[in-house]
Amino acid sequence: MEAIIRPTAAAAAELVAQVIERELRAHPHLVLGLATGRTMEAVYARLVRRHREAGLDFSLCATFNLDEYVGLSPADPHSYRHYMNRHLFQQVNIDSRNTHLPDGQAPDLDAECARYERMIRQFNGLDLQLLGIGRAGHIGFNEPLSALFSRTRVKALSPATLAQNAPLFGSGTSMPRRAITMGVGTILEARRLLLLATGEDKAEIIARAVEGPITAMISATALQLHARCTVVVDEPAARQLQGADYYRWIFANEPEWEAYR
Ligand code: GLP
């Protein structure tokens, strides 16, 4: 794992967008794993801008999102399908048939989870998986005690997640209590992982995810097992990292990051 600390949330999102842009330009058929959440909006806004201003081409790539709420229709403004359409898919030249999310309304949810895993395999796996992190340390919706080898399945959302995401639903709509999510094992099979976390309220969980012991209680700690995982944070989210000076030195000196400095 490597941790990269950027001065601001904007600079952190910029770096993540740049990594995705480079991968996409080098591999137009990229199979891209996508994430939702407030943090990712800054990344998608940058990708949209690159598409409009610098011709970044999405026409050949395929995407798979991490998760979707159970019971929400794609037209529901709270669904992750709706989020993706609004923030990215409708604003770039991606073929909507190449955009995949689990179907939270499938009559047989277990069959839907198996279908999603099959689809990812048919595309020869995920090249680059983008990740956010919940305040309690989930990736996707892999809540506490998610098996580190788990596959796509239905998860009951934890009280912490319900509390964190309920404000997005407002007072009128009640938030679903379950979601379909890629498993930790599914995520770990992606060839490259890129996690973005910004803001001081992520500082404690980032320190535990990056430097703490691996535990099924915090699914993000499993990222330490991956051979090519980059965690990008801003200064406020880096505040509790013990090795911050070392991570800054790596970013400032390693040739791999020269183009991003
Ligand atoms: C949801 C998503 C996660 C995401 C998290 C962080 O729970 N299922 O994939 O990482 O939100 O959200 P935010 O960026 O809003 O903090």
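Here, the structure is the one placed above.
Scoring rules and cut-offs
- Residues numbered from 1 in each chain as written.
- Predicted model: local features only at pLDDT ≥ 70, side-chain atom pairs only at ≥ 80, totals over all residues.
- Heavy atoms only, no water.
- Phe/Tyr/Trp six-rings, centres within 6.5 Å; stacked < 30°, edge-to-face > 60°.
- Helix = DSSP H or I, 4+ residues; strand = E, 2+ residues; numbered from the N terminus.
- Buried < 20%, exposed > 50% of the residue type's maximum accessible area, 1.4 Å probe, protein only.
- Contact = heavy atoms within 4.5 Å.
- Salt bridge = Lys/Arg side-chain N within 4 Å of Asp/Glu carboxyl O.

## Some points on the packing of aromatic side chains
Right, so step 1: Applying the stated criterion to the full structure yields ten aromatic pairs.
Right, so step 2: Ring geometry for Phe64 and Phe123: centres 5.3 Å apart, planes at 80 degrees, overall edge-to-face. Pair noted here: Phe64 is in strand 3 (residues 62–65) and Phe123 is in the loop between helix 4 (109–122) and strand 6 (128–131), with a separation of 59 residues, a long-range link.
Right, so step 3: By relative accessible area, which is 28% here, Phe123 ends up partly exposed.
Right, so step 4: Here Tyr69 and Phe141 contribute two aromatic rings whose centre-to-centre distance is 5.5 Å and whose plane-to-plane angle is 45 degrees, an arrangement assigned as tilted.

## Points about the environment of Ala209
Right, so step 1: Tracing the backbone through its elements, the reader meets Ala209 in helix 7 (residues 203–211).
Right, so step 2: The class for Ala209 is buried, based on a relative accessible area of 4%.
Right, so step 3: Sequence-wise, Ala209 and Ala136 are 73 residues apart; in three dimensions their C-alpha atoms are separated by 9.9 Å.
Right, so step 4: Ignoring anything within four residues of it in the chain, the contact list for Ala209 reads Met1, Ile133, Ala220, Thr221 and Gln224.

## Describing the pattern of salt bridges
Right, so step 1: On inspection of all chains with the given rule, the structure shows 14 salt bridges.
Right, so step 2: Between Glu14 and Arg46 there is a salt bridge, with the nearest N and O atoms lying 3.0 Å from each other. Placement of the pair is Glu14 in helix 1 (residues 9–26) and Arg46 in helix 2 (residues 38–54), with a sequence separation of 32 residues.
Right, so step 3: With a relative accessible area of 24%, Glu14 lands in the partly exposed category.
Right, so step 4: Salt bridges sharing common partners tie together Glu14, Glu21, Arg25, Arg46 and Arg50.

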